[in-house]
Protein chains: 2
Amino acid sequence: MNEITIQTSTNQYDVMIGKGLRHQILDFSPKLYSQVLIITDSNVEPLYLADVIEAVKDAYPVSYSVVPAGEGSKSIQMYYDLMTDAIETGLDRKSLIIALGGGMIGDLAGFVAATFMRGIDFIQVPTTILAHDSSVGGKVAINHPEGKNLIGNFYPPVAVIYDVETLHTLSDREVRSGYAEVVKHSLIHSSSFWDQINQIELTESLNEEALTDVLLKGIKVKAEVVEQDERESNIRQFLNFGHTLGHALESELGYGTITHGEAIAIGMLFAIRVSEKTYQIELPYQEVYKWFLKNDYPLQLPNLSIDKLIDRMRRDKKSNNQIVTMVLLKNIGEPTIEKLDEQKLHVWLKDFIQELNRH
Amino acid sequence: MNEITIQTSTNQYDVMIGKGLRHQILDFSPKLYSQVLIITDSNVEPLYLADVIEAVKDAYPVSYSVVPAGEGSKSIQMYYDLMTDAIETGLDRKSLIIALGGGMIGDLAGFVAATFMRGIDFIQVPTTILAHDSSVGGKVAINHPEGKNLIGNFYPPVAVIYDVETLHTLSDREVRSGYAEVVKHSLIHSSSFWDQINQIELTESLNEEALTDVLLKGIKVKAEVVEQDERESNIRQFLNFGHTLGHALESELGYGTITHGEAIAIGMLFAIRVSEKTYQIELPYQEVYKWFLKNDYPLQLPNLSIDKLIDRMRRDKKSNNQIVTMVLLKNIGEPTIEKLDEQKLHVWLKDFIQELNRH
């Protein structure tokens with residue numbers, strides 16, 4: 001088992017990564033609780049809910065809520081229904097919520113924990129590769145039809161318990177979605193990390209040792225950044241590399257049509273192109289493009305309104321005074337933040353989508 | 001003008017109390033913003049909204065949202081509508097929300113600020129006596145049909161700007177409601193503070209000097225407590241004196257039927273009775289009762305189910321493992337926290353309501 005400790009402004013918590021940890025959740029729980037509510041989704045329920053219930057039921061009264069799988073559940077209605085569940089099942093301030101699932105569940109259950117009676121403890125038990133990113137850093141949120149994660153808190157879990165066995169049940173699409181964030185961590189971190197990722201074929205990569213290594217590296221990159229800037233006032237924004245266009249694509253296409261990872265894969269390619277144009281440099285666009293291509297990321301887009309996409313990008317949380325702000329690269333491992341001229345952006349985005357669709 | 005600085009776990013903010021401060025809001029704003037959204041209610045709008053707009057409009061783009069007056073607006077639907085307003089008006093992370101109104105507005109607008117893009121700055125501009133309590137201490141929340149303030153955060157404002165001129169427009173009922181929290185602060189603080197309050201006739205008390213003095217004292221009591229225990233793990237619960245039954249009455253009678261202050265006035269009387277019985281002591285119940293009576297607090301209750309009230313009290317945020325927990329007094333100025341036997345509580349509550357209604 002591997003362990004990484006994350007410092008927050010007010011606290012610290014451990015990320016445990018290992019085989020079969022879902023059976024030992026209480027070994028990593030930092031204190032005693034009055035009761036446990038497990039929140040999970042309809043994909044994860046048949047696979048791992050029974051294991052987690054088994055692991056806590058002798059110590060605490062336990063109840064659970066299952067929401068439909070998919071980003072659509074990060075809605076105000078689902079949030080409110082979970083609050084009602086929590087109240088009706090008798091949760092109090094000394095109770096614990098376990099978020100069992102991928103990033104959607106971590107965000108949704110985390111926001112329930114953050115705001116139930118003004119905040120109770122929660123433990124993340126991620127079951128996707130994507131969640132290596134979202135489970136670290138304390139961001140919790142739900143979506144608004146006008147944009148992703150617009151309603152939320154900074155609210156760290158008391159522990160992250162990452163059972164790599166649960167990753168075997170991921171579909172290829174989920175593996176791809178998760179690896180996109182690993183690619184992001186590598187591109188903002190260093191050439192050597194990117195070179196390592198560039199060797200990986202996703203179809204072969206799921207042996208536990210290699211996977212644990214990549215997850216550990218990704219989590220460390222993320223931890224380093226969030227420890228320096230928990231509330232995203234400056235460098236934490238680097239983690240948004242690929243996300244400005246990525247989020248806009250997710251909203252515009254409709255959550256669920258495209259996975260988060262597929263969207264930010266395209267977002268990163270665009271950010272690399274914008275970086276090349278802004279700084280008049282050459283970056284390994286083709287290398288990154290080819291890696292996504294060989295690993296079957298969908299890299300073509302339907303007919304979209306450039307104006308609407310830019311309008312969404314303008315409403316991104318990084319933007320300020322309605323000016324589109326993107327994370328760019330001066331080199332692999334050298335992220336920067338830039339405000340962009342909207343007219344140029346319009347041309348670049350149009351060209352970029354045409355370029356993608358020509359292939 | 002008087003000023004009190006409140007320390008929080010991560011920050012500090014100032015409470016300014018004085019005449020006409022609503023015209024000078026930006027003088028007390030700690031930094032620059034991209035845009036301002038004022039959230040107020042239908043009672044306050046015709047009285048003070050124009051003044052506040054006037055005070056900020058030269059410095060920033062300003063927009064406003066008006067919600068219906070009354071506790072009913074602390075709902076998930078109103079919260080969500082305000083989020084939509086904030087997004088549509090183009091608020092970003094560098095924007096400011098001004099909560100112009102009483103406790104309801106502070107709680108609601110504060111929770112919007114706490115969760116909009118994971119938290120933006122907000123300034124409280126209280127316009128009621130009751131808000132001397134709610135505007136200090138960083139509690140923000142909305143209600144759930146199952147209980148008050150069940151959904152919320154600890155999220156302090158960046159400043160509280162208390163213009164005592166705005167208190168002249170309060171109805172007698174609002175004055176009573178606000179003074180109930182002053183009574184609470186006095187009872188948990190000291191005999192001398194209670195003796196001072198005991199001299200006051202509410203109909204005469206609204207001269208600005210006396211009022212400022214009482215508000216300052218109340219705010220200081222509150223600040224002392226919340227600085228020691230921001231997240232209500234122990235002594236902050238003292239501020240819930242009178243609130244266990246008070247909240248249950250508000251929920252059971254329906255928010256708006258009884259004001260918050262009227263409910264906690266009855267809740268305090270009950271807490272005094274329970275204290276007397278639990279500790280076998282005598283407290284100035286009659287003195288407090290007479291003060292409420294002479295100041296026209298409604299002290300009779302309709303026919304209510306004792307079981308339902310106790311069920312609500314059990315779901316109070318102080319309770320733990322579903323055991324009703326109340327703040328009691330060992331003496332004036334000596335609050336304690338006790339878990340209560342439900343059978344005894346049932347008898348005492350029934351007797352208490354009968355005693356009230358006999359008068």
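The rules we used
- Residues numbered from 1 in each chain as written.
- Chains lettered and ligands numbered in written order.
- Predicted model: local features only at pLDDT ≥ 70, side-chain atom pairs only at ≥ 80, totals over all residues.
- Heavy atoms only, no water.
- Pairing = 2+ DSSP bridges.
- Helix = DSSP H or I, 4+ residues; strand = E, 2+ residues; numbered from the N terminus.
- Axes fitted to C-alpha atoms, helices over the stretch in contact; angles between N-to-C directions.
- Contact = heavy atoms within 4.5 Å.
- UniProt positions renumbered as here; feature names shortened; annotations may be inferred.
- Buried area = accessible area lost by both parts, 1.4 Å probe.
- Salt bridge = Lys/Arg side-chain N within 4 Å of Asp/Glu carboxyl O.
- Polar contact = N/O pair within 3.5 Å; in protein donor to acceptor, adjacent residues only side chain to side chain.
- Domains from an automatic or database assignment.
- Nonpolar A, V, L, I, M, F, W, Y, C, P; charged D, E, K, R; others polar.
- Buried < 20%, exposed > 50% of the residue type's maximum accessible area, 1.4 Å probe, protein only.

1. Quick look at the sheet that holds strand 1 (residues 2–7) of chain A
Residue and element names in this part refer to chain A.
Point 1. Sheet architecture is open: seven strands sit in the order 1-2-9-6-5-3-4, paired in mixed fashion. Two strands bound the open sheet, and with one partner strand each, they are strand 1 and strand 4 (62–67). Along the sheet, successive strands turn relative to each other by an average axial angle of 15°, direction set aside.
Point 2. As paired strands, strand 1 and strand 2 (residues 12–18) are joined by six bridges and run antiparallel to one another. Its bridge partner lying in strand 2, Glu3 is registered against Met16.
Point 3. Along the sheet, helix 7 (residues 208–228) contacts strand 1, strand 2 and strand 9 (159–163); its crossing angle with strand 1, the most-contacted strand, is approximately 10°.

2. Some words on the UniProt feature "binding site: NAD(+)" (unreviewed entry) in chain A
Residues and elements named next belong to chain A.
Point 1. As annotated in UniProt, the feature "binding site: NAD(+)" (unreviewed entry) corresponds to Thr127, Thr128, Lys139, Lys148, Thr166, Leu167, His168 and Thr169 in the numbering used here. Annotated residues spanning 43 residues; largest pairwise C-alpha distance 28.2 Å, indicating distribution over more than one region.
Point 2. Summarising the element assignment, Thr127 is placed in the loop between strand 6 (121–126) and helix 4 (131–134).
Point 3. For Thr127, the contacting residues outside a window of four places in its chain are Val44, Tyr48, Leu100, Gly101, Gly102, Thr166, Leu167 and Leu170.
Point 4. Relative to the elements of secondary structure, Lys148 occurs in strand 8 (residues 147–154).

3. As for the interface of chain B and chain A
Point 1. Contacts between the two partners involve 43 residues from chain B and, on the opposite side, 43 residues from chain A.
Point 2. In total, chain B and chain A occlude about 3700 Å² of area from one another, counting both sides; carbon and sulfur atoms represent 54% of this.
Point 3. Among the residues chain B hides against chain A, the three largest losses belong to Tyr80, Arg93 and Arg118 of chain B. Together they make up 23% of the total.
Point 4. Between the two partners, chain B and chain A, sit two salt bridges.
Point 5. Across the contact surface, chain B and chain A share 15 residue pairs in polar contact (both at pLDDT 80 or more).
Point 6. Broken down by secondary-structure element, the contributors of at least two residues to the side of chain B that touches chain A are helix 2 (76–88), helix 3 (103–115), strand 7 (139–144) and strand 8 (147–154) of chain B.
Point 7. Considering each element in turn, the side of chain B that touches chain A owes the most residues, seven residues, to helix 2 of chain B.

4. Quick look at the domain arrangement of chain A
All names here are of chain A.
Point 1. Examined at the domain level, chain A breaks down into domain 1 (2–169) and domain 2 (172–358).
Point 2. The distance between the C-alpha centroids of domain 1 and domain 2 comes to 26 Å.
Point 3. Across the domain 1 to domain 2 interface the summed buried area is about 3100 Å²; carbon plus sulfur atoms make up 61%.
Point 4. At the junction of domain 1 and domain 2, the tally comes to five salt bridges.
Point 5. Across the salt bridge formed by Glu146 and Arg315, the nearest N and O atoms sit 2.2 Å from each other.
Point 6. For the side of domain 1 that touches domain 2, the elements supplying multiple residues, two or more each, are strand 1, strand 2, helix 4, strand 7 (139–144) and strand 8.
Point 7. The class makeup of the residues in the side of domain 1 that touches domain 2 is 14 nonpolar, 14 polar and seven charged.

5. Details of unusual backbone geometry
Residues and elements named next belong to chain A.
Point 1. The phi dihedral of Arg118 falls on the positive side, at around 65°, and the residue is not glycine.
Point 2. Along the polypeptide, Arg118 turns up in the loop between helix 3 (103–115) and strand 6.
Point 3. For Arg118, a relative accessible area of 4% translates into the label buried.

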